[in-house]
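Notes for the structure review
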Amino acid sequence: MSTENLPQSPEQPPRKPRVAVVFGGRSSEHGISVVTAGAVLSAIDRTKYDVLPIGITQDGRWALTADEPERMAIVDRKQPSVEQLAESSEGGVVLPVDPANREVVYSEPGSVPKALGEVDVVFPMLHGPYGEDGTLQGLLELSGVPYVGSGVLASAVGQDKDYMKRVFTSFGLKVGPYVVIRPREWERDESAARKKIIDFAGEHGWPLFVKPARAGSSFGITKVDDLSGLDEAIAEAQRHDPKIIVEALLRGREIECGVLEFEDGPRASVPAEIPPVQSHAFYDFEAKYIDSADGIVPAPLTEEQTAEVRRLAVEAFEAASCEGLVRADFFLTEDGEFVINEINTMPGFTPISMYPRMWQETGVSYPELVDRLVQAALRRPTGLR
């Protein structure tokens, strides 16, 4: 029987890649993660991608949330939360731990689970522990789902300031003086651990910065001017992380530089400078996200200094085996040397965040930045690479 005269079914248009934007999380940076995700949801090209917003509540539940970026902003100095955006107080989203199946499922108690369709790439807008530190990246590797940003190792190194500095030192990047107090040291002998810090102050002088070793957004950080404030600073840092790091003051200018993965490899943005914030002891969370301290973009550096910090930013990206994106933070010391302070493997993406501002000045708009990150993730396989 001839099929020439049978009606032909029209060709189905190709399916748009589906991007799951995952945000919130269990860390103290939950609120700023929601704000960051709101900015990305506003910018992502809906004609090019289907989008599935998934929020992780502060107790760790994966929730289906409203796709309403306007509700994901800081209002009256109050941060938003996933709990405010979740479509249900009990329902949960489940990613399959099966590389052959990328279908996301939503279930509520007493109801039949509902398939939400396949996810092609995850954009993890999580900051801090339980998201930016390699834990979520490990889950996505098991699931075989591509994702934006660095893999398990680089994410873990980028979250832990102790091992980050060790990696940088091993690759010849200069870091400032620091000392680490691990939980076992503190539990075994508090006096000896405290003396370790006091001896460090005797060698490098006051003030010191006492920090959680594995937190970001300047949470839990205290500038300590003398011995009288040390115990309170230690307690504040340990409230965020039992492992703490103490850093000596580096006198100089704060310089930041963004790194972005292009088709031909990582490139650095123009750098920015964070000027001293008169109303804050240092560039803390309030200064970054609430009081909108202005960074200078591009930083007023010489051509040679600009070229050097861009080179060092890419070198730090490569040293930690990063992928996708990084913001590298440096001090330009009084003797003209760049000292790397830290990298952020998932820097803030809020409208006032420095990473997108630096790339905007370099010629990559916010929507293009988001698109490049998604495309880089789609090109990259999961697993060993």
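Residues numbered from 1 in each chain as written. Predicted model: local features only at pLDDT ≥ 70, side-chain atom pairs only at ≥ 80, totals over all residues. Heavy atoms only, no water.

As annotated in an unreviewed UniProt entry, the protein is D-alanine--D-alanine ligase from Streptomyces siamensis. UniProt, in its Subcellular location (unreviewed entry) section for the protein, records the words "Cytoplasm". What UniProt records for the protein under Pathway (unreviewed entry) is the sentence "Cell wall biogenesis; peptidoglycan biosynthesis." (UniProt positions renumbered as here; feature names shortened; annotations may be inferred.)

1. With respect to the sheet that holds strand β11 (residues 244-248)
Read across the open sheet, the 4 strands follow the order β8-β11-β9-β10; overall the sheet is antiparallel. Of all the strands in the sheet, just β8 (178-181) and β10 (222-224) have a single pairing partner and so form its edges. Across the sheet, the axes of successive neighbouring strands diverge by a mean angle of 25 degrees, strand direction being ignored. Taken together, the 3 bridges between strand β9 (residues 208-212) and β10 define a ladder with antiparallel strand orientation. (Pairing = 2+ DSSP bridges. Helix = DSSP H or I, 4+ residues; strand = E, 2+ residues; numbered from the N terminus. Axes fitted to C-alpha atoms, helices over the stretch in contact; angles between N-to-C directions.)

2. Some details on the packing of aromatic side chains
All told, the structure shown has 5 aromatic pairs when counted by the stated rule. Between Phe123 and Phe349, the ring centres sit 6.5 Å apart and the planes meet at 85 degrees, which makes this aromatic pair edge-to-face. Remark: Phe349 occurs in the loop between β16 (338-344) and α11 (354-362) and Phe123 occurs in strand β7 (residues 121-125); sequence separation between them is 226 residues. A residue is classified by how much of its surface remains accessible, and Phe123, at 0% relative accessible area, is buried. Given the relative accessible area of 0%, Phe349 is considered buried. Judged by centre distance (5.7 Å) and plane angle (50 degrees), the rings of Phe349 and Tyr355 are tilted. (Phe/Tyr/Trp six-rings, centres within 6.5 Å; stacked < 30°, edge-to-face > 60°. Buried < 20%, exposed > 50% of the residue type's maximum accessible area, 1.4 Å probe, protein only.)

3. Observations concerning the state of the cysteines
Counted under the stated rule, the structure contains 0 disulfides. Here Cys257 is not cross-linked by a disulfide; its sulfur's nearest cysteine counterpart is in Cys322, at 13 Å. According to the relative accessible area criterion, Cys322 is buried, its value standing at 6%. (Disulfide = S-S within 2.5 Å.)

4. A few points about helix α1 (residues 30-43)
Over its 14 residues, α1 extends 20 Å from the first C-alpha to the last, a length consistent with the 20 Å expected when each residue adds 1.5 Å. Taking burial as the measure, the 14 residues of α1 include 13 buried ones, the bulk of the element. (Expected span 1.5 Å × (residues − 1).)

5. So, the sheet that holds strand β6 (residues 114-118)
The strand order across the open sheet formed by 3 strands is β4-β5-β6, and the pairing between neighbours is antiparallel. Each edge of the open sheet carries a strand with a single partner, namely β4 (92-94) and β6. Averaged over all pairs of adjacent strands, the angle between strand axes in this sheet comes to 25 degrees, irrespective of strand direction.

6. With respect to helix α7 (residues 190-204)
Compared with the 21 Å implied by 1.5 Å per residue over 15 residues, the 21 Å span of α7 between its first and last C-alpha is a close match. If you check which residues of α7 are buried, you get Ala193, Ile197, Phe200 and Ala201. For α7, the angular spread of buried residues about the axis comes to 100 degrees, placing them on one side. Counted as exposed and oriented over 90 degrees from the buried face of α7: Ser191, Gly202 and Glu203. If you follow the buried residues of α7, they end up packed against β8, α6 (183-188), β9, α8 (230-240) and β11. By the N-cap criterion, in which a side-chain oxygen at the helix start approaches the backbone nitrogen of a residue two or three places on, α7 is capped by Asp189, the distance to Ser191 being 3.2 Å. (Arc of directions from axis to C-beta. Contact = heavy atoms within 4.5 Å. Polar contact = N/O pair within 3.5 Å; in protein donor to acceptor, adjacent residues only side chain to side chain.)

7. Let's talk about the nonpolar core
It is characteristic of soluble globular proteins that their nonpolar side chains tend to be buried jointly. Residues Val19, Val21, Phe23, Phe123, Met125, Val148 and Phe349 are the most contacted members of the largest nonpolar core, which totals 35 residues. For this core, the secondary structure elements donating two or more residues are β1 (18-24), α1, α2 (82-85), β7, β12 (252-262), α11 and α12 (366-379). Not counting the four nearest positions on each side in its chain, Val19 is found in contact with Ile44, Tyr49, Asp50, Val51, Leu52, Val121, Phe123 and Val374. One finds Ala268, Ala299, Cys322 and Phe330 within the second-largest nonpolar core, a separate group that totals 28 residues. (Core = buried A, V, L, I, M, F, W, Y, C linked by side-chain atoms within 4.5 Å.)

8. Focus: unusual backbone geometry
For the peptide bond that leads from Trp206 to Pro207, omega is 0 degrees, which places it in the cis range. Along the chain, Pro207 falls in the loop between α7 and β9. At the junction of Val297 and Pro298, the peptide bond is cis and its omega measures out at -5 degrees in the coordinates. With respect to the helices and strands, the residue Pro298 is situated in the loop between α9 (285-290) and α10 (303-319). One non-glycine residue, Arg77, lies in positive phi territory at about 65 degrees. Among the structural elements, Arg77 can be located in the loop between β3 (62-64) and α2. Exposure remark for Arg77: the relative accessible area of 51% places this residue in the exposed category. With a phi close to 60 degrees, Ser321 is a non-glycine residue in the positive phi region. Inspection of the secondary structure puts Ser321 in the loop between α10 and β15 (325-333). On the basis of relative accessible area, Ser321 is assigned to the partly exposed category, the value being 44%.

9. Focus on the layout of surface pockets
The volume enclosed by the second largest pocket comes to roughly 240 Å³. Together, 15 residues line the second largest pocket, and Pro129, Tyr130, Arg214, His240 and Asp241 are the ones closest to its centre. Taken together, the residues that form the lining of the second largest pocket break down as 5 nonpolar, 4 polar and 6 charged. (1 Å grid on protein atoms, 1.4 Å probe; cavity = no way out; pocket = protein on both sides within 12 Å on 5 of 7 lines; lining within 4 Å. Points joined across faces, edges and corners; volume = space filled by probe spheres on them. Nonpolar A, V, L, I, M, F, W, Y, C, P; charged D, E, K, R; others polar.)

10. Section: the pattern of salt bridges
One pass over the full model with this rule turns up 32 salt bridges. Among the ionic pairs, Glu190 bridges to Arg194, the shortest N-O distance being 3.8 Å. Pair noted here: Glu190 and Arg194 are both in helix α7, with a separation of 4 residues, about one helical turn. We classify Glu190 as partly exposed; its relative accessible area is 40%. A relative accessible area of 22% places Arg194 in the partly exposed class. The salt bridge involving Arg372 is made with Glu368; its shortest N-O contact spans 3.2 Å. Separated by 4 residues within a single helix, Arg372 and Glu368 lie in helix α12, roughly one turn from each other. (Salt bridge = Lys/Arg side-chain N within 4 Å of Asp/Glu carboxyl O.)

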